[in-house]
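Reading the structure
Residues per chain, in single letters:
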Amino acid sequence: MLQNKGAESARLECEMLLSHILGWQRHELYLRKDWILTEEQIQVFTDMLQRRLDGEPIQYITGTREFMGLPFFVDKRVLIPRWETELLTEYVLGVLRKKNQPAAVLDLGTGSGAIAVSLAVHFPRASITAVDIREDALQVARENAKRNEVLSCIDFYKGDLFSPLKPARYHEYFDAIVSNPPYIPTGEINGLMPEVREHEPASALDGGADGLFFYRRIADQAWRYLKEEGLIAVEIGYGQSSSVQELFLETGAYQGQEVHKDLAGIDRFLVFQKK
Ligand code: GLN
(Lines give C-alpha, C1' and ligand atoms only; values in the text may rest on other atoms or scores of the structure.)
Protein backbone atom coordinates (compact mmCIF):
# COMPACT_ATOMS: atom_id res chain seq x y z
CA MET A 1 0.00 0.00 0.00
CA LEU A 2 2.82 2.40 0.82
CA GLN A 3 4.64 1.52 -2.36
CA ASN A 4 1.51 2.26 -4.37
CA LYS A 5 1.43 5.65 -2.69
CA GLY A 6 4.94 6.26 -3.99
CA ALA A 7 6.76 5.84 -0.68
CA GLU A 8 10.48 5.46 -1.31
CA SER A 9 11.18 3.36 1.75
CA ALA A 10 7.97 1.40 2.20
CA ARG A 11 9.67 -1.65 3.66
CA LEU A 12 11.77 0.37 6.08
CA GLU A 13 8.73 2.31 7.24
CA CYS A 14 6.78 -0.88 7.88
CA GLU A 15 9.70 -2.24 9.84
CA MET A 16 9.83 0.97 11.88
CA LEU A 17 6.13 0.73 12.71
CA LEU A 18 6.29 -2.97 13.55
CA SER A 19 9.39 -2.73 15.69
CA HIS A 20 7.85 0.25 17.46
CA ILE A 21 4.70 -1.72 18.26
CA LEU A 22 6.64 -4.75 19.44
CA GLY A 23 9.25 -2.73 21.32
CA TRP A 24 11.98 -4.50 19.41
CA GLN A 25 15.08 -3.43 17.52
CA ARG A 26 14.45 -3.49 13.80
CA HIS A 27 16.80 -6.41 13.15
CA GLU A 28 14.86 -8.52 15.67
CA LEU A 29 12.01 -8.65 13.18
CA TYR A 30 14.23 -10.93 11.12
CA LEU A 31 15.51 -12.96 14.03
CA ARG A 32 11.99 -13.67 15.29
CA LYS A 33 10.22 -14.08 12.00
CA ASP A 34 7.64 -16.57 13.25
CA TRP A 35 6.27 -14.30 15.97
CA ILE A 36 2.50 -13.99 15.77
CA LEU A 37 0.96 -10.56 16.34
CA THR A 38 -2.05 -10.30 18.62
CA GLU A 39 -5.34 -9.00 17.23
CA GLU A 40 -4.72 -5.78 19.11
CA GLN A 41 -1.24 -5.32 17.66
CA ILE A 42 -2.61 -5.92 14.18
CA GLN A 43 -5.21 -3.24 14.81
CA VAL A 44 -2.61 -0.77 16.07
CA PHE A 45 -0.41 -1.52 13.07
CA THR A 46 -3.31 -1.04 10.66
CA ASP A 47 -4.22 2.30 12.26
CA MET A 48 -0.64 3.51 12.11
CA LEU A 49 -0.30 2.37 8.51
CA GLN A 50 -3.42 4.32 7.64
CA ARG A 51 -2.01 7.48 9.22
CA ARG A 52 1.14 7.00 7.17
CA LEU A 53 -0.93 6.47 4.02
CA ASP A 54 -2.65 9.77 4.85
CA GLY A 55 0.75 11.42 4.67
CA GLU A 56 1.61 11.89 8.34
CA PRO A 57 5.39 11.79 8.97
CA ILE A 58 6.46 8.46 10.43
CA GLN A 59 8.20 10.19 13.35
CA TYR A 60 4.90 11.64 14.55
CA ILE A 61 3.23 8.24 14.27
CA THR A 62 5.84 6.42 16.33
CA GLY A 63 6.40 9.56 18.44
CA THR A 64 10.15 9.20 18.19
CA ARG A 65 13.10 10.71 16.45
CA GLU A 66 16.76 10.10 17.12
CA PHE A 67 18.91 13.22 17.25
CA MET A 68 22.60 13.35 18.23
CA GLY A 69 22.27 9.69 19.21
CA LEU A 70 19.54 10.48 21.71
CA PRO A 71 15.85 9.53 21.76
CA PHE A 72 13.44 12.44 21.31
CA PHE A 73 9.68 12.39 21.60
CA VAL A 74 7.98 14.31 18.80
CA ASP A 75 4.42 15.05 17.80
CA LYS A 76 2.62 17.69 15.78
CA ARG A 77 3.38 20.39 18.35
CA VAL A 78 7.01 20.53 17.21
CA LEU A 79 9.17 20.41 14.10
CA ILE A 80 10.82 17.03 13.57
CA PRO A 81 14.54 17.68 14.19
CA ARG A 82 16.53 17.45 10.94
CA TRP A 83 19.89 15.78 10.45
CA GLU A 84 21.38 19.05 9.22
CA THR A 85 20.77 20.54 12.64
CA GLU A 86 23.14 17.96 14.10
CA LEU A 87 25.95 19.76 12.24
CA LEU A 88 25.12 23.00 14.03
CA THR A 89 24.82 21.20 17.36
CA GLU A 90 28.09 19.30 16.83
CA TYR A 91 29.84 22.55 16.06
CA VAL A 92 28.69 24.27 19.25
CA LEU A 93 29.54 21.15 21.20
CA GLY A 94 33.03 21.18 19.71
CA VAL A 95 33.58 24.78 20.79
CA LEU A 96 32.37 24.06 24.32
CA ARG A 97 34.52 20.94 24.62
CA LYS A 98 37.59 22.74 23.41
CA LYS A 99 37.24 25.46 26.03
CA ASN A 100 36.23 22.84 28.56
CA GLN A 101 34.87 25.33 31.07
CA PRO A 102 31.39 25.80 32.44
CA ALA A 103 29.39 27.67 29.82
CA ALA A 104 26.00 29.35 29.55
CA VAL A 105 24.22 28.61 26.29
CA LEU A 106 20.95 29.95 24.93
CA ASP A 107 18.79 28.01 22.43
CA LEU A 108 16.27 30.30 20.73
CA GLY A 109 13.17 28.57 19.38
CA THR A 110 13.95 25.27 21.04
CA GLY A 111 10.94 23.38 19.64
CA SER A 112 11.40 19.73 20.60
CA GLY A 113 14.45 20.78 22.60
CA ALA A 114 16.70 18.94 20.14
CA ILE A 115 19.61 21.36 20.39
CA ALA A 116 19.24 22.29 24.07
CA VAL A 117 18.87 18.72 25.32
CA SER A 118 21.71 17.37 23.15
CA LEU A 119 24.08 20.07 24.40
CA ALA A 120 23.10 19.38 28.00
CA VAL A 121 23.66 15.63 27.63
CA HIS A 122 26.88 15.80 25.66
CA PHE A 123 28.44 18.70 27.58
CA PRO A 124 27.35 18.41 31.20
CA ARG A 125 29.26 21.57 32.18
CA ALA A 126 26.87 23.69 30.14
CA SER A 127 23.97 25.46 31.75
CA ILE A 128 21.33 25.85 29.11
CA THR A 129 18.52 28.33 28.65
CA ALA A 130 15.84 27.35 26.14
CA VAL A 131 13.16 29.70 24.83
CA ASP A 132 10.11 29.03 22.68
CA ILE A 133 7.11 31.17 21.94
CA ARG A 134 4.77 28.19 22.19
CA GLU A 135 3.85 26.62 25.48
CA ASP A 136 2.89 23.38 23.73
CA ALA A 137 6.36 23.11 22.21
CA LEU A 138 7.95 23.77 25.60
CA GLN A 139 5.96 20.87 27.03
CA VAL A 140 7.56 18.59 24.47
CA ALA A 141 11.01 20.08 25.12
CA ARG A 142 10.62 19.53 28.87
CA GLU A 143 9.52 15.97 28.27
CA ASN A 144 12.63 15.40 26.16
CA ALA A 145 14.84 16.92 28.84
CA LYS A 146 13.26 14.57 31.36
CA ARG A 147 13.63 11.55 29.09
CA ASN A 148 17.31 12.32 28.64
CA GLU A 149 17.81 13.17 32.31
CA VAL A 150 18.88 16.78 31.90
CA LEU A 151 15.78 18.59 33.15
CA SER A 152 17.76 20.24 35.95
CA CYS A 153 20.40 21.55 33.50
CA ILE A 154 17.95 23.57 31.39
CA ASP A 155 15.90 26.67 32.20
CA PHE A 156 12.85 26.88 29.97
CA TYR A 157 11.15 30.17 29.16
CA LYS A 158 8.07 30.91 27.14
CA GLY A 159 8.29 34.00 24.98
CA ASP A 160 9.31 35.72 21.79
CA LEU A 161 13.08 35.34 21.26
CA PHE A 162 14.90 37.37 23.95
CA SER A 163 11.78 38.90 25.51
CA PRO A 164 11.45 36.50 28.49
CA LEU A 165 15.11 37.01 29.48
CA LYS A 166 15.35 39.64 32.19
CA PRO A 167 18.08 42.14 31.28
CA ALA A 168 19.37 42.34 34.83
CA ARG A 169 20.25 38.68 34.78
CA TYR A 170 20.89 37.88 31.16
CA HIS A 171 22.69 40.84 29.61
CA GLU A 172 26.18 39.73 28.59
CA TYR A 173 25.44 36.39 30.19
CA PHE A 174 25.84 33.77 27.46
CA ASP A 175 28.99 32.18 26.09
CA ALA A 176 27.02 30.99 23.09
CA ILE A 177 23.65 31.53 21.49
CA VAL A 178 22.35 28.97 19.04
CA SER A 179 19.21 28.96 16.94
CA ASN A 180 17.52 27.08 14.14
CA PRO A 181 14.72 29.60 13.60
CA PRO A 182 11.81 29.30 11.17
CA TYR A 183 13.24 30.43 7.83
CA ILE A 184 10.87 29.50 5.01
CA PRO A 185 9.49 32.60 3.21
CA THR A 186 5.73 32.70 3.82
CA GLY A 187 4.98 32.48 0.10
CA GLU A 188 6.95 29.26 -0.23
CA ILE A 189 5.15 27.32 2.50
CA ASN A 190 2.50 26.16 0.05
CA GLY A 191 5.15 24.69 -2.21
CA LEU A 192 6.66 22.49 0.52
CA MET A 193 6.11 18.73 0.48
CA PRO A 194 2.62 17.91 1.77
CA GLU A 195 4.16 15.83 4.53
CA VAL A 196 5.81 18.96 5.90
CA ARG A 197 3.18 21.53 4.95
CA GLU A 198 0.18 19.68 6.29
CA HIS A 199 1.66 18.13 9.41
CA GLU A 200 4.51 20.17 10.84
CA PRO A 201 3.66 23.37 12.74
CA ALA A 202 3.58 26.43 10.47
CA SER A 203 4.96 28.51 13.32
CA ALA A 204 8.15 26.41 13.21
CA LEU A 205 8.61 26.97 9.47
CA ASP A 206 7.36 30.45 8.60
CA GLY A 207 10.16 33.00 8.50
CA GLY A 208 8.02 35.92 7.30
CA ALA A 209 7.79 37.49 3.83
CA ASP A 210 11.48 37.11 2.97
CA GLY A 211 12.25 34.26 5.37
CA LEU A 212 14.64 36.49 7.30
CA PHE A 213 12.28 37.85 9.95
CA PHE A 214 13.95 35.99 12.83
CA TYR A 215 17.55 36.51 11.69
CA ARG A 216 16.97 40.25 11.53
CA ARG A 217 15.68 40.32 15.10
CA ILE A 218 18.31 37.92 16.41
CA ALA A 219 21.12 39.95 14.80
CA ASP A 220 19.76 43.15 16.33
CA GLN A 221 19.57 41.76 19.84
CA ALA A 222 21.92 38.82 20.36
CA TRP A 223 25.03 40.90 21.08
CA ARG A 224 23.44 42.38 24.21
CA TYR A 225 23.09 38.91 25.67
CA LEU A 226 26.52 37.63 24.70
CA LYS A 227 29.69 37.91 26.71
CA GLU A 228 32.58 39.55 24.96
CA GLU A 229 33.78 37.22 22.18
CA GLY A 230 30.72 35.04 22.77
CA LEU A 231 29.45 33.08 19.79
CA ILE A 232 26.18 33.16 17.90
CA ALA A 233 25.49 30.21 15.58
CA VAL A 234 22.40 30.08 13.38
CA GLU A 235 21.14 27.51 10.92
CA ILE A 236 20.07 29.00 7.58
CA GLY A 237 17.88 27.99 4.66
CA TYR A 238 18.93 27.38 1.08
CA GLY A 239 20.14 30.57 -0.60
CA GLN A 240 20.04 32.70 2.56
CA SER A 241 23.74 32.67 3.37
CA SER A 242 24.81 36.07 2.04
CA SER A 243 21.66 37.91 3.16
CA VAL A 244 21.97 36.58 6.70
CA GLN A 245 25.69 37.39 6.83
CA GLU A 246 24.87 40.92 5.76
CA LEU A 247 22.18 41.27 8.43
CA PHE A 248 24.62 40.33 11.15
CA LEU A 249 27.61 42.28 9.88
CA GLU A 250 25.73 45.49 9.20
CA THR A 251 24.82 45.76 12.88
CA GLY A 252 28.54 46.35 13.53
CA ALA A 253 28.29 44.16 16.62
CA TYR A 254 29.87 40.97 15.28
CA GLN A 255 33.06 39.86 13.59
CA GLY A 256 34.88 36.79 12.32
CA GLN A 257 32.00 35.08 10.58
CA GLU A 258 32.32 31.46 9.58
CA VAL A 259 30.22 29.74 6.93
CA HIS A 260 29.67 26.01 7.38
CA LYS A 261 28.37 23.75 4.64
CA ASP A 262 26.26 20.62 4.92
CA LEU A 263 27.11 17.29 3.27
CA ALA A 264 25.43 18.45 0.05
CA GLY A 265 27.84 21.41 -0.08
CA ILE A 266 25.12 23.93 0.76
CA ASP A 267 25.79 26.74 3.25
CA ARG A 268 23.95 25.43 6.29
CA PHE A 269 24.92 27.45 9.32
CA LEU A 270 26.75 30.66 10.17
CA VAL A 271 28.81 31.58 13.20
CA PHE A 272 29.72 35.06 14.39
CA GLN A 273 31.66 36.34 17.32
CA LYS A 274 30.61 39.32 19.38
CA LYS A 275 33.06 42.16 18.93
N1 GLN B 1 15.32 24.04 17.46
C2 GLN B 1 14.46 23.01 16.98
C3 GLN B 1 15.18 22.14 15.98
O4 GLN B 1 16.23 22.50 15.53
C5 GLN B 1 13.19 23.61 16.38
C6 GLN B 1 13.44 24.43 15.16
C7 GLN B 1 12.17 25.05 14.61
O8 GLN B 1 11.07 24.70 15.01
N9 GLN B 1 12.34 25.95 13.68
O10 GLN B 1 14.75 21.09 15.61
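Look up: the structure comes first, before these words.
Here's what I pulled together on the structure shown here. Predicted model, so just to flag it, every value in this text is computed and none were measured.

1. Details of unusual backbone geometry
- The phi dihedral of Glu149 is positive, around 60°, even though this residue is not glycine.
- Judged by relative accessible area, Glu149 falls into the exposed class, the value being 71%.

2. Some details on the packing of aromatic side chains
- Applying the stated criterion to the full structure yields 12 aromatic pairs.
- Relative to Trp35, the ring of Trp24 has its centre 5.2 Å away and its plane inclined at 80°; by these criteria the two rings are edge-to-face. Taken together, the positions of Trp24 in the loop between helix H1 (10–22) and helix H2 (28–31) and Trp35 in the loop between H2 and helix H3 (39–53) put the pair 11 residues apart, joining distant regions of the chain.
- Here Tyr170 and Tyr173 contribute two aromatic rings whose centre-to-centre distance is 5.0 Å and whose plane-to-plane angle is 80°, an arrangement assigned as edge-to-face.
- By relative accessible area, which is 2% here, Tyr170 ends up buried.
- Tyr173 sits in the partly exposed class, given a relative accessible area of 24%.

3. What about the site of the ligand?
- Lining the immediate surroundings of the ligand are Leu79, Pro81, Thr85, Gly109, Thr110, Gly111, Ile115, Asn180, Pro181, Pro182 and Ala204.
- A distance of 3.4 Å separates a nitrogen atom of the ligand from a polar atom in the backbone of Thr110.
- In the model, a nitrogen atom of the ligand is placed 3.0 Å from a nitrogen or oxygen of the Ala204 main chain.
- A total of 290 Å² of accessible area belongs to the ligand in isolation, and the protein chains cover 96% of it.
- Considered class by class, the residues forming the shell around the ligand number 6 nonpolar, 5 polar and no charged.

4. Some points on the pairing of strand S5 (residues 154–158)
- By the bridge criterion, 5 bridges tie strand S4 (residues 126–132) to S5 in an arrangement that is parallel. In the strand pairing of S5, Asp132 is matched with Lys158.
- A crossover connection joins S4 to the parallel S5 through helix H7 (residues 135–147); in handedness this β-α-β unit is right-handed.

5. Structural notes on the sheet that holds strand S9 (residues 267–274)
- Strand order in the open sheet made by the 7 strands is S5-S4-S3-S6-S7-S9-S8, with mixed pairing throughout. Two strands bound the open sheet, and with one partner strand each, they are S5 and strand S8 (254–261). Taking the axes of each pair of neighbouring strands and ignoring which way they run, one obtains an average angle of 15° across the sheet.
- Sheet analysis places strand S3 (residues 103–108) next to S4, joined by 6 bridges and oriented parallel. Paired with Asp107 across the strands is Ala130, a residue of S4.
- Contacts between helix H11 (residues 213–225) and the sheet are confined to S3, strand S6 (174–179), strand S7 (226–235), S8 and S9, with S7 contributing the most and set at about 155° to the helix.
- Along the sheet, helix H12 (residues 241–249) contacts S7, S8 and S9; its crossing angle with S9, the most-contacted strand, is approximately 10°.

6. Remarks on the environment of Leu106
- If you trace the backbone, Leu106 turns up in strand S3.
- With 49 residues separating them in the primary sequence, Leu106 and Asp155 have C-alpha atoms 9.4 Å apart.

7. Some remarks on helix H6 (residues 114–122)
- Among the 9 residues that make up H6, 7 are buried, leaving the element largely enclosed by the rest of the structure.
- Regarding H6, the residues found buried are Ala114, Ile115, Ala116, Val117, Ser118, Leu119 and Ala120.

8. Looking at the side chain of Glu15
- By secondary structure assignment, the location of Glu15 is in helix H1.
- Its relative accessible area of 9% is what places Glu15 among the buried residues.
- At a separation of 2.2 Å, a polar atom in the side chain of Glu15 contacts the side chain of Tyr30.

9. A word on the pattern of salt bridges
- Within the structure shown, the criterion is met by 18 salt bridges.
- Salt-bridge contacts for Glu200 lead to Arg82; the nearest nitrogen and oxygen are separated by 2.6 Å. Taken together, the residues span a long stretch of sequence, with Glu200 in the loop between helix H9 (194–197) and helix H10 (202–205) and Arg82 in the loop between strand S2 (70–73) and helix H5 (83–99) at a distance of 118 residues.
- In this structure Glu200 comes out as buried when scored by relative accessible area, which is 6%.
- The partner of Arg216 in a salt bridge is Asp210, and the shortest N-O contact between them spans 2.5 Å.
- With a relative accessible area of 36%, Asp210 lands in the partly exposed category.
- Bridged by salt links that share partners, the residues Arg11, Glu15 and Arg26 form one connected network.

10. Let's talk about the packing of H5 against H6
- H6 packs onto H5 with a crossing angle of 35° between their chain directions and a minimal axis gap of 10 Å. Our pair here, H5 against H6, has a crossing hand that is right-handed. Contact residues: H5 offers Thr85, Leu88, Thr89, Val92, Leu93, Leu96 and Arg97, while H6 offers Ile115, Ser118, Leu119 and His122.
- Residues of the contact of H5 with H6, tallied by class, amount to 6 nonpolar, 4 polar and 1 charged.

Rules used throughout
Counting starts from 1 at the beginning of each chain's written sequence and moves along it residue by residue. Per-residue local features are limited, in this predicted model, to residues with pLDDT of at least 70; the limit for side-chain atom pairs, both in listing and counting, is 80 or more; totals at the level of whole chains, interfaces and linings are taken over all residues. For side-chain calculations, the full set of non-hydrogen atoms in the structure is used, while hydrogens and water are omitted. Three labels apply to residues, based on accessible area from a 1.4 Å probe with only protein chains included: buried if under 20% of the type maximum, exposed if over 50%, partly exposed otherwise in between. Note on ring pairs: Phe, Tyr and Trp rings are taken, using the six-membered ring of Trp, and paired if centres are within 6.5 Å. Classes follow the plane angle, with under 30 degrees stacked, over 60 edge-to-face and the rest tilted. Think of it this way: any DSSP run of H or I at least four residues long counts as a helix, any run of E at least two long counts as a strand, and we number them from the N terminus. A molecule or strand has a residue near it when one of that residue's heavy atoms lies within 4 Å. For this analysis, a polar contact is any N or O atom pair within 3.5 Å, provided that within protein one partner can donate a hydrogen and the other can accept it, and provided that sequence-adjacent residues contribute only side-chain to side-chain pairs. Here the open area of atoms and residues is found with the Shrake-Rupley method and a 1.4 Å probe, where only the protein chains shown may cover a residue. Think of it as three bins: nonpolar holds Ala, Val, Leu, Ile, Met, Phe, Trp, Tyr, Cys and Pro, charged holds Asp, Glu, Lys and Arg, and polar takes everything else, Gly as well. Only strands that DSSP links by at least two bridges are regarded as paired with each other. If the strands point away from the viewer and the path from the first strand over the helix to the second runs clockwise, then the crossover is right-handed. Lines fitted to the C-alpha atoms define the axes, with helices restricted to the stretch that makes contact. Angles between their N-to-C directions range from 0 to 180 degrees. Contact definition: two residues touch when any of their heavy atoms are within 4.5 Å. Salt bridge, as used here, is a side-chain nitrogen of Lys or Arg placed within 4 Å of a carboxyl oxygen of Asp or Glu. Definitions for this section: a left-handed crossing has its near helix turned counterclockwise from the far helix by less than a right angle. A right-handed crossing has that turn clockwise.

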